[in-house]
Amino acid sequence: MDRQLVVRPAHRTPLAAVVAAGVVVLASAAGRAESLPITTILPFDYGVTGIRADDGNEVVVTGGTGLPNLSQGLPAFVYRGPLDGMASATTTGDPRLHLFMPVFGGTTAYGAQFYGPNTHRFNPSSIAAGSIRAVGAYLENGPADFQKGMIYDGPLDGSGTWTSLRVPGPDIGVTIPHSTMGNLVVGNYDRITALSVGQPFVYDIIDRSYTLLDLGGAYAATVYGVWQNGGESSTSYTLIGGLSQTSTSKGQAFVASYDSVTRAVSGLTTYSYDDNVTIDTHFEGISAFNGGFSIAANYVAGSTSGAYAFIPYSGAVGSYTYGAATWKSVTNGINGTPTTGDTVIDDKVMGIYAVTGGIRSYVTGVPELDPGSFGAVALMVAGSLACREGRLRRRV
């Protein structure tokens, strides 16, 4: 499921030929690159933000139909169908595409966007077969509002239930959920007195409570991804995101363990792209894979780039020790402007690229460069680029 390191390129203008096909260059930190053909998916301005496998060979893909600051008053979308079917789902009337606009107290929201889904395949006791759970953000009345969080639970016809999320407190600005798994929703919030300083929260769906996290005394932090370890009855989760130790320090990515009963954070481990602490780095999404975690990241080294990290772990569930990251950098080989890597499932990367007047989503395959230490790319639930409340915000 997400977005403050960089700005989502919603209105850049690449070559027209890029709309149908192009390449993304996948490079190691040492500079070796491979060109990967991309295939355009989904309709114009449908920006993919999250994907999760569902029953059978189907996937659930979430996103938005306009700018992520929601100022255009447009709905969120969900695609459900085969992964390879998205290349043909390029018209808004496609029956595999479903639009969602939340309704609270009988009033329809102004605009909305989903950031991360969950499915019956991973949590069958709480998500019925054929239904979904998706988290995201909405504007209640108009562009001047602060974004609030939302959860949708139910079938794809929109007849399910909506839950509005707002971190409690007298000076809360935005509340933006990014990812969900098990009984948890994770995200970040701002205070009105410090709108550029993100803070992380965990929301428990069962007892409807918020936990405001302290990540090692960091000045600012966000949680963008969550993975439930040990199956759906486990209380052990792994969180990922980013933090800044001070108001002037470079952002670092982090991985940490979280227990949903004790609400304790442990094993906090920080990372910088290519082990270079002078590079702003943020983790975006997570999936358990091959004795470790596949993780999507963003980093800024002169310009913004997406990246993949594989992080091994050791120890028993609930007491993981997180190891050193193996990094691969994703750069745009189409026209030199940023191309996002918003979500991944298995060896398929999905993101957006700029076209005249908006964006298009794409999918591309990522080869196993080193099965022993790198592996195939796996599921992500958070997106990678965004613009919040109509202003540029630094992801911390």
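Structure report, in brief. (Residues numbered from 1 in each chain as written. Predicted model: local features only at pLDDT ≥ 70, side-chain atom pairs only at ≥ 80, totals over all residues. Heavy atoms only, no water.)

### Examining the overall build of the chain
Selection rule: Note on conventions: DSSP H or I runs of at least 4 residues are helices, E runs of at least 2 residues are strands, and numbering of each starts at the N terminus. Any residue under 20% of the maximum accessible area for its type is buried, any over 50% is exposed, and the rest in between are partly exposed; the area is computed with a 1.4 Å probe on protein chains only. A 1.4 Å probe and the Shrake-Rupley method give the accessible areas. Residues count as covered only by the protein chains that appear here.
For the chain, the helix and strand inventory stands at zero helices and 28 strands. When burial is assessed residue by residue, the chain has 59% of its 396 residues classed as buried. About 13700 Å² of surface is accessible on the chain, with carbon and sulfur atoms providing 53% of the total.

### Re the nonpolar core
What counts is decided by this rule: Residue types Ala, Val, Leu, Ile, Met, Phe, Trp, Tyr and Cys, when buried and joined through side-chain atoms within 4.5 Å, form a set referred to as a nonpolar core. What makes two residues a contact is simply this: any of their non-hydrogen atoms within 4.5 Å.
With 36 residues, the main nonpolar core has Leu239, Val255, Tyr271, Phe283, Ile295, Ile311 and Trp327 as its most contacted residues. Here the element with the most residues in this core is strand E19 (residues 252-259); it accounts for five residues. With sequence-adjacent residues up to four places away left out, Leu239 is seen in contact with Val186, Leu213, Val223, Gly225, Val226, Phe254, Val255, Ala256 and Tyr258. With 16 residues, the next largest nonpolar core counts Leu42, Tyr46, Tyr79 and Ala89 among its residues.

### A closer look at the sheet that holds strand E17 (residues 220-229)
Rule in force here: Pairing between strands is defined by DSSP: at least two bridges between them are needed. Every angle, taken between N-to-C directions, lies between 0 and 180 degrees, and every axis is a line fitted to C-alpha atoms, over only the stretch in contact when it is a helix.
Taken together, the four strands give an open sheet; going across it, the order is E17-E18-E19-E20, and neighbouring strands pair in antiparallel fashion. Both edges of this open sheet fall to E17 and strand E20 (265-271), since each of them pairs with a single strand only. When strand polarity is set aside, the average angle formed by the axes of neighbouring strands in this sheet is 20°. Here strand E18 (residues 236-244) pairs with E19 via eight bridges, running antiparallel. Looking at E19, one finds that Ser236 is bridged to Asp259.

### Concerning the environment of Val48
Tracing the sequence through the fold places Val48 in strand E3 (residues 47-53). The buried category is assigned to Val48, whose relative accessible area is 0%. Remark: the alpha-carbon pair of Val48 and Ser361, spanning 313 residues in sequence, is separated by 6.2 Å.

### Examining the pattern of salt bridges
What counts here: A pairing counts as a salt bridge when a side-chain nitrogen of Lys or Arg comes within 4 Å of a carboxyl oxygen of Asp or Glu.
All told, the structure shown has eight salt bridges when counted by the stated rule. As a salt-bridge pair, Arg96 and Asp94 come within 2.9 Å of each other at their nearest N and O atoms. Residue classification places Arg96 among the partly exposed residues on the basis of a relative accessible area of 23%. You can call Asp94 buried: its relative accessible area is 9%. Measuring nitrogen to oxygen at the nearest pair gives 2.8 Å for the salt bridge that ties Lys148 to Glu140. Looking at Glu140, the relative accessible area reads 35%, which means it is partly exposed.

The analysis is restricted to geometry; functional conclusions fall outside its scope.
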